[in-house]
Structure formats: C-alpha cells, structure tokens
Amino acid sequence: MDANEILDYCLAKKGVTETFPFDNETLVMKVGTKMFLLLPLEKQPLNINVKTDPEWSAELREQHPQITGAFHMNKTHWNSVMVDGLKRDLIFKLIDQSYELVFNSLTKKAKEEIINS
C-alpha cells in the first residue's frame, strides 16, 4: 500500500479535504473542519496517524508492533500506524473508524451539510 492509495481512499469519503496546516510535508485529511488522518509525506517507511476508540487502541498496540501512540498527539485517542506489514483491510478499517469518530463529533449542522453535499 502506498500514500496515493490512502489518499484516494480518504478523498472518496464525503466532506473530506486535504490541507497542510503544520508544514509542507505533513498532509492532513479533514472531515468538515476536523482532522482524522495525518500523513507525513517525507517519512519512510510510510506512516499515518489515525484516531481510534481507546479500548481498540490498547488492543491494536498489543497485537501489532507497527501501531503505537501517536507522537505529539493524545495517545489515548490517536495512533501512529506504520503501514508496512499490516493488512490492507486493517488499514482501511483504521481509516474508516477515524473518519467516523471525527464525523460523529461534528455539530449537527456540519454533519447535515456534509451528508447533503
């Protein structure tokens, strides 16, 4: 899996935009105005940061050495995921959950605008 596959998957979701709010190397995917995925473009091997349910985060970290608490982020809710060695389905599931958690935290108005766009 490469960065373009991840970006295409994210951009296919409703209301998703890509930005560079921090620097020119860290791509941030947002739903509405809130980020749900970070992708450091220059970092190898390929890594992403995603939001996950805290209970599932603990389980994931125990099962997969490629998944750790995200650097500079709330490690209870955010994971850093080294893509190499993980199944494609798991990566997509992580992205899906991150998107859903963030989407569900939006205001009712913002959710309706995204759904109806």
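Everything below is about the structure shown above.
Now for a look at the structure at hand.

Basis of the calculations
Residues numbered from 1 in each chain as written. Predicted model: local features only at pLDDT ≥ 70, side-chain atom pairs only at ≥ 80, totals over all residues. Heavy atoms only, no water. Axes fitted to C-alpha atoms, helices over the stretch in contact; angles between N-to-C directions. Helix = DSSP H or I, 4+ residues; strand = E, 2+ residues; numbered from the N terminus. Parallel < 35°, antiparallel > 145°, perpendicular 65-115°, else oblique. Left-handed = near helix turned anticlockwise from the far one by under 90°. Contact = heavy atoms within 4.5 Å. Nonpolar A, V, L, I, M, F, W, Y, C, P; charged D, E, K, R; others polar. 1 Å grid on protein atoms, 1.4 Å probe; cavity = no way out; pocket = protein on both sides within 12 Å on 5 of 7 lines; lining within 4 Å. Points joined across faces, edges and corners; volume = space filled by probe spheres on them. Core = buried A, V, L, I, M, F, W, Y, C linked by side-chain atoms within 4.5 Å. Buried < 20%, exposed > 50% of the residue type's maximum accessible area, 1.4 Å probe, protein only. Expected span 1.5 Å × (residues − 1).

1. Side note on the packing of helix α1 (residues 3-11) against helix α3 (residues 88-105)
What describes two packed helices is the angle between their axes and the distance between those same axes. Interaxial distance between α1 and α3 falls to 11 Å at its minimum, and their mutual angle equals 40°. The pairing of α1 with α3 is recorded here as oblique in orientation. In this structure, the crossing between α1 and α3 has a hand that is right-handed. Residues Glu5, Ile6, Tyr9 and Cys10 of α1 touch α3, and the partners they reach there are Arg88, Phe92, Ile95 and Asp96. Looking at side-chain class alone, the contact of α1 with α3 contains five nonpolar, no polar and three charged residues.

2. Describing the layout of surface pockets
Quantified by volume, the largest pocket comes out at close to 330 Å³. Listing elements by their share of the lining of the largest pocket, those giving two or more residues are β3 (34-40), β4 (47-51) and β6 (78-82). Here the lining of the largest pocket is composed, by residue class, of seven nonpolar, six polar and two charged.

3. Section: the nonpolar core
In terms of nonpolar packing, the biggest core is built from 29 residues, with Phe36, Leu37, Ile48 and Ile95 touching the most fellow members. If you list the elements that add at least two residues to this core, you get α1, β2 (26-31), β3, β4, α2 (54-63) and α3. Apart from residues lying up to four places away in sequence, Leu37 is in contact with Ile6, Cys10, Leu27, Val28, Met29, Ile48, Asn49, Val50, Trp78 and Ile95. Of all hydrophobic cores here, the second largest spans five residues; its members include Val28, Ala70, Met73 and Trp78.

4. Details of α3
Taking 1.5 Å of rise per residue, 18 residues should cover 26 Å, and α3 covers 26 Å from first to last C-alpha, within 8% of that figure. Regarding α3, the residues found buried are Leu90, Ile91, Phe92, Leu94, Ile95, Ser98, Tyr99, Val102 and Phe103.

5. A word on unusual backbone geometry
Cis geometry is found at the peptide bond from Gln44 to Pro45, where omega equals 0°. Its place among the elements puts Pro45 in the loop between β3 and β4. In this structure, His72 takes a positive phi of about 65° despite not being glycine. As for its position among the elements, His72 is in the loop between β5 (67-69) and β6. Judged by relative accessible area, which is 71%, His72 ranks as exposed.

6. A few points about the packing of α3 against helix α4 (residues 108-115)
Two elements in contact, α3 and α4, have axes separated by 8 Å at closest approach and are oriented at 125°. Considering the angle they form, α3 stands oblique to α4. Seen from α3, the contacting residues are Tyr99, Phe103 and Asn104; seen from α4, they are Lys111, Ile114 and Ile115. Here the residues of the contact of α3 with α4 sort into four nonpolar, one polar and one charged.

Any link to function would need more than the numbers given here.
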